[in-house]
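Here's the letter readout for the chains.
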Amino acid sequence: MHDLHTHSLCSDGILRPQALVSRAKMQGVTVLALTDHDTVVGLEEAREAAQVEGIQVLSGIEFSCLWNGIGIHIVGLNIDPEHPEMQAAVARQGESRENRAIQIGEKLAKAGIPGALEGARAKAGDAVIGRPHFAQYLVESGRVSSMNAAFKKYLGAGKVGDVKQVWPSVPVAVEWILAAGGVAVIAHPDKYKMTRTKLGRLIDDFTEAGGQAMEVISGYQTPDLTRNLAQIANKHGLYASCGSDFHVPDQPWQELGNFSALPPECRPVWELWS
Ligand code: AMP
Ligand code: MN
Ligand code: MN
Ligand code: MN
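Quick caveat, the model's predicted, so the values are computed rather than measured. (Residues numbered from 1 in each chain as written. Chains lettered and ligands numbered in written order. Predicted model: local features only at pLDDT ≥ 70, side-chain atom pairs only at ≥ 80, totals over all residues. Heavy atoms only, no water.)

**Q** What exactly am I supposed to notice about the environment of Gln136 here?
**A** Assignment of secondary structure puts Gln136 in helix 5 (residues 131-140). On the basis of relative accessible area, Gln136 is assigned to the partly exposed category, the value being 26%. Expressed as a C-alpha distance, the spacing of Gln136 and Glu95, which sit 41 residues apart in the sequence, is 22 Å. Not counting the four nearest positions on each side in its chain, Gln136 is found in contact with Lys123 and Met147. (Helix = DSSP H or I, 4+ residues; strand = E, 2+ residues; numbered from the N terminus. Buried < 20%, exposed > 50% of the residue type's maximum accessible area, 1.4 Å probe, protein only. Contact = heavy atoms within 4.5 Å.)

This is the structure in structure tokens:
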């Protein structure tokens, strides 16, 4: 059972890589990809834990990108995290996250919420800083009642704290992944709320750059959506990936290994390396 999209506390998840691997094993996952946002620092610990647990761990990453003004996530699977281009990419994304955090802090301050950058930094600790850390601060300082509300009011698409201009284009992220020997995958295509036509254009730009796969399954989803995405993947000649997008243990719709199998008409992305 493959789960090829997961997060640890190295980005915005809450489990240590080692605990993530143990939980994956418990959940019946046999091949796990750790795909933290814009970082590879958790991979060594995950691979060591995999040896102890007797499951396979693939090195992965989830890159933040900007395409036609829309924030898009591109997953890299089976990458070499030590590759100089990957190391440079991760360094650049880290700087972008720092710059973005400063901008988000300034924008929130102007909107009447001072101290958010410091608050988010405290939440992030050693992790790469992201919007969820701002969201946690907004919840804990009583500005909003939930993480969801924090995104809805301040951090989600089009809101004051949604700063995206720092991210690379999709082709650039695909090139980083290819340089590091990996397979590039369009993450959770349904989350972008694009029309089918627009998604088709994104896929065209992605495949032209060398991208080869798309997530046909992302956590819990309706059979209707699965059929649609399988059809789109096949139409564009893309391999299909599947993953939970696991972040925290109390969300059954994003639990490790807790999703349906790829439809039989799909070509599984792991055919590319096994
Ligand atoms: P960032 O990578 O810093 O741009 O933050 C994006 C992350 O925020 C996503 O990967 C999700 O984990 C999280 N996220 C997005 N929308 C929501 C939401 N409505 N509620 C809670 N977390 C969210
Ligand atoms: Mn996330
Ligand atoms: Mn994502
Ligand atoms: Mn993710």
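**Q** Would you explain the domain arrangement of the chain in this entry?
**A** A common way to express how large an interface is: the accessible area buried when the components associate. Examined at the domain level, the chain breaks down into domain 1 (2-85 + 168-272) and domain 2 (90-155). Taking only C-alpha atoms into account, the centre of domain 1 sits 24 Å from that of domain 2. The partner domain 2 presents eight residues to the 13 residues of domain 1 that form the contact. Counting the surface lost from both domain 1 and domain 2, the interface buries some 890 Å², and carbon and sulfur atoms represent 56% of this. Remark: the boundary between domain 1 and domain 2 carries one salt bridge. In this structure, Asp38 engages Arg97 in a salt bridge whose closest nitrogen and oxygen atoms are separated by 3.0 Å. (Domains from an automatic or database assignment. Buried area = accessible area lost by both parts, 1.4 Å probe. Salt bridge = Lys/Arg side-chain N within 4 Å of Asp/Glu carboxyl O.)

**Q** What am I meant to see in the coordination of the manganese ion (ligand 2) here?
**A** Six octahedral donors around a metal ideally make angles of 90 or 180 degrees; four tetrahedral donors ideally make 109.5 degrees. Coordination of the manganese ion (ligand 2) by the protein involves Asp12 (OD), His37 (NE2) and His247 (NE2), with metal-donor separations of 2.1 to 2.2 Å. Here the manganese ion (ligand 2) and the manganese ion (ligand 3) are spaced 5.5 Å apart. Here His247 lies in the segment after strand 7 (239-243) and Asp12 lies in the loop between strand 1 (2-3) and helix 1 (17-26), a separation of 235 residues in the sequence. For the pair formed by Asp12 and His247, the shared burial category is buried. (Donors = N, O, S within 2.8 Å, 3.2 Å for Na, K, Ca; no water.)

**Q** Looking at this model, I keep getting lost on the site of ligand 1. Mind explaining?
**A** Near ligand 1 the following residues occur: Asp12, His37, Arg97, Arg100, Gly130, Arg131, Pro132, Asn148, Phe151 and His247. Within the side chain of Asp12, one N or O atom sits 3.0 Å away from an oxygen atom of ligand 1. In the environment of ligand 1, an oxygen atom lies 3.0 Å from a nitrogen or oxygen atom belonging to the side chain of His247. About the coverage of ligand 1: the protein hides 73% of its 500 Å² of free accessible area. For the shell around ligand 1, the secondary structure elements donating two or more residues are helix 3 (84-110), helix 5 and helix 6 (147-155). Taken together, domain 1 (2-85 + 168-272) and domain 2 (90-155) each give at least three residues to the shell around ligand 1, which thus spans both. (Near = heavy atom within 4 Å. Polar contact = N/O pair within 3.5 Å; in protein donor to acceptor, adjacent residues only side chain to side chain. Areas by Shrake-Rupley, 256 points an atom, 1.4 Å probe, with all protein chains shown as cover.)

**Q** Can you help me understand the sheet that holds strand 6 (residues 213-218) in this one?
**A** Sheets are built from strands that pair by backbone hydrogen bonding, the pairs being arranged parallel or antiparallel. Pairing in this open sheet of seven strands is mixed, and the strands run 1-2-3-4-5-6-7 from one edge to the other. Looking along the sheet, the strands with just one partner apiece sit at the ends: strand 1 and strand 7. Taken together, the two bridges between strand 5 (residues 183-186) and strand 6 define a ladder with parallel strand orientation. Across the sheet, Ile186 pairs through a bridge with Met214, a residue of strand 6. Sheet strands in contact with helix 2 (residues 43-53) are strand 2 (31-34) and strand 3 (56-67), and its direction is about 155° off that of strand 3. Each of strand 3, strand 4 (70-77) and strand 5 touches helix 7 (residues 170-179); the most contacted strand, strand 3, lies at about 160° to it. (Pairing = 2+ DSSP bridges. Axes fitted to C-alpha atoms, helices over the stretch in contact; angles between N-to-C directions.)

**Q** Explain unusual backbone geometry to me, please; I cannot follow it from the model alone.
**A** As a rule of thumb, non-glycine residues mostly have phi less than zero, and peptide bonds are mostly trans rather than cis. One non-glycine residue, Asp38, lies in the positive phi region at around 55°. The phi dihedral of Lys193 falls on the positive side, at around 55°, and the residue is not glycine.

**Q** Can you walk me through the packing of aromatic side chains in this structure?
**A** Tallied over the entire structure, the rule returns one aromatic pair. A cation sits over an aromatic face here: Arg267 above Tyr239, 4.1 Å from the ring centre. (Phe/Tyr/Trp six-rings, centres within 6.5 Å; stacked < 30°, edge-to-face > 60°. Lys NZ or Arg CZ within 6 Å of the ring centre and 35° of its normal.)

**Q** Hey, could you run me through the coordination of the manganese ion (ligand 4) in this one?
**A** The protein atoms that coordinate the manganese ion (ligand 4) are His5 (NE2), His7 (NE2), Glu62 (OE) and Asp245 (OD), at distances spanning 2.1 to 2.2 Å. Look at where the donors of the manganese ion (ligand 4) fall in the sequence and you get H-x1-H-x54-E-x182-D. Here the manganese ion (ligand 2) and the manganese ion (ligand 4) are spaced 4.6 Å from one another.

**Q** Could you clarify how one ought to interpret the nonpolar core in this entry?
**A** When a protein is soluble and globular, its nonpolar side chains tend to lie buried together. If you look at the biggest cluster of nonpolar residues, it comprises 69 residues, and the most contacted ones within it are Leu32, Phe63, Ile72, Ile74, Val170, Met214 and Val216. Excluding its chain neighbours within four sequence positions, the residues that come into contact with Ile72 are Phe63, Ser64, Cys65, Trp67, Val170, Tyr192, Met194 and Leu202. Counting 18 residues, the second largest nonpolar core, distinct from the first, contains Ala120, Ala124, Ala150 and Leu155. (Core = buried A, V, L, I, M, F, W, Y, C linked by side-chain atoms within 4.5 Å.)

**Q** Whenever I open this one, the pairing of strand 4 confuses me. Can you help?
**A** The side chains of a regular strand alternate, first on one face of the sheet and then on the other. Strand 4 sits mainly inside the fold: seven of its eight residues count as buried. Pairing of strand 3 with strand 4, which is carried by eight bridges, proceeds in the antiparallel orientation. Of the residues in strand 4, the one forming a bridge with Gly60 is Leu77. When strand 4 meets strand 5, the two strands line up antiparallel, connected through four bridges. Pairing of Val75 across the sheet is with Val185, part of strand 5.

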